[in-house]
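Reading the structure
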Amino acid sequence: MARKDTSSMTLRERLAHVPQTGRLVWIGVRPAHGAPMIVLPEGELIEGRGVAGDRAASSGGVGGKRQVTLVQHEHLPVVASLVRRDAVTPELVRRNLVLAGINLFALKGLRFAIGDEVVLEGTGPCEPCSKMDEALGEGGFQAMRGHGGITARVLRGGRARVGDAVQVVAEDEVA
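What comes next is a walk through the structure.

Calculation rules
Residues numbered from 1 in each chain as written. Predicted model: local features only at pLDDT ≥ 70, side-chain atom pairs only at ≥ 80, totals over all residues. Heavy atoms only, no water. Helix = DSSP H or I, 4+ residues; strand = E, 2+ residues; numbered from the N terminus. Buried < 20%, exposed > 50% of the residue type's maximum accessible area, 1.4 Å probe, protein only. Salt bridge = Lys/Arg side-chain N within 4 Å of Asp/Glu carboxyl O.

A separate point is unusual backbone geometry. What is expected of a backbone is that most residues other than glycine have negative phi and most peptide bonds are trans. Despite not being glycine, arginine 84 shows a phi value in the positive range, around 55°. For arginine 84, the position within the fold is in the loop between α3 (76-82) and α4 (90-93). Look at arginine 94: it is not a glycine, yet its phi comes out positive at around 60°. Here arginine 94 lies in the loop between α4 and β6 (97-100). In this structure arginine 94 comes out as buried when scored by relative accessible area, which is 15%.

This is the structure we're talking about:
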């Protein structure tokens, strides 16, 4: 694959250029406020709503910015180190999707595909809540700051499966 010459790109073009391909490594839903996470090998993402079975998708609102929450797989060991735990699992941080191999924050404001069906649009940071101190122990909230991931809306629904590729798509590729 030929490398793209990025030396003359504007900042806007540089921000939109994400050549890495990541992968979906975990899927989970929160059926109700405070309920334990349910881990899924695949999930149905519903356009304009979120992940089927998640409280965000069944709350009645359509079109919000926080339909799906995502966290960076590579950040979980960092958070574990900051709270002096051997490991931090995705269930503890209560996000819907865990991605690896692509800078999650780079997806903010961009459209990206998960597998062959799903297209999301990164809408902003997913800030930690007070539950992180309960889930991770004292300092959990502070440990998650900067590592909380992003929120997204579902532009095109479909099935997402653990192992699916994740890559940025052009705006005109979303049908």
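From this point on, the discussion continues.
Before going further, it helps to spend a moment on the pattern of salt bridges. Counting across every chain of the model gives six salt bridges. When the shortest N-O distance is used, the salt bridge between arginine 159 and glutamate 42 registers 2.8 Å. Of this pair, arginine 159 sits in strand β10 (residues 158-161) while glutamate 42 is found in strand β3 (residues 42-46), placing the two residues 117 residues apart along the sequence. Arginine 159 sits in the partly exposed class, given a relative accessible area of 28%. Residues arginine 159 and glutamate 44 are paired through a salt bridge, measuring 2.9 Å at the closest nitrogen-oxygen approach. Separated by 115 residues along the polypeptide, arginine 159 in strand β10 and glutamate 44 in strand β3 bring together distant segments of the chain.

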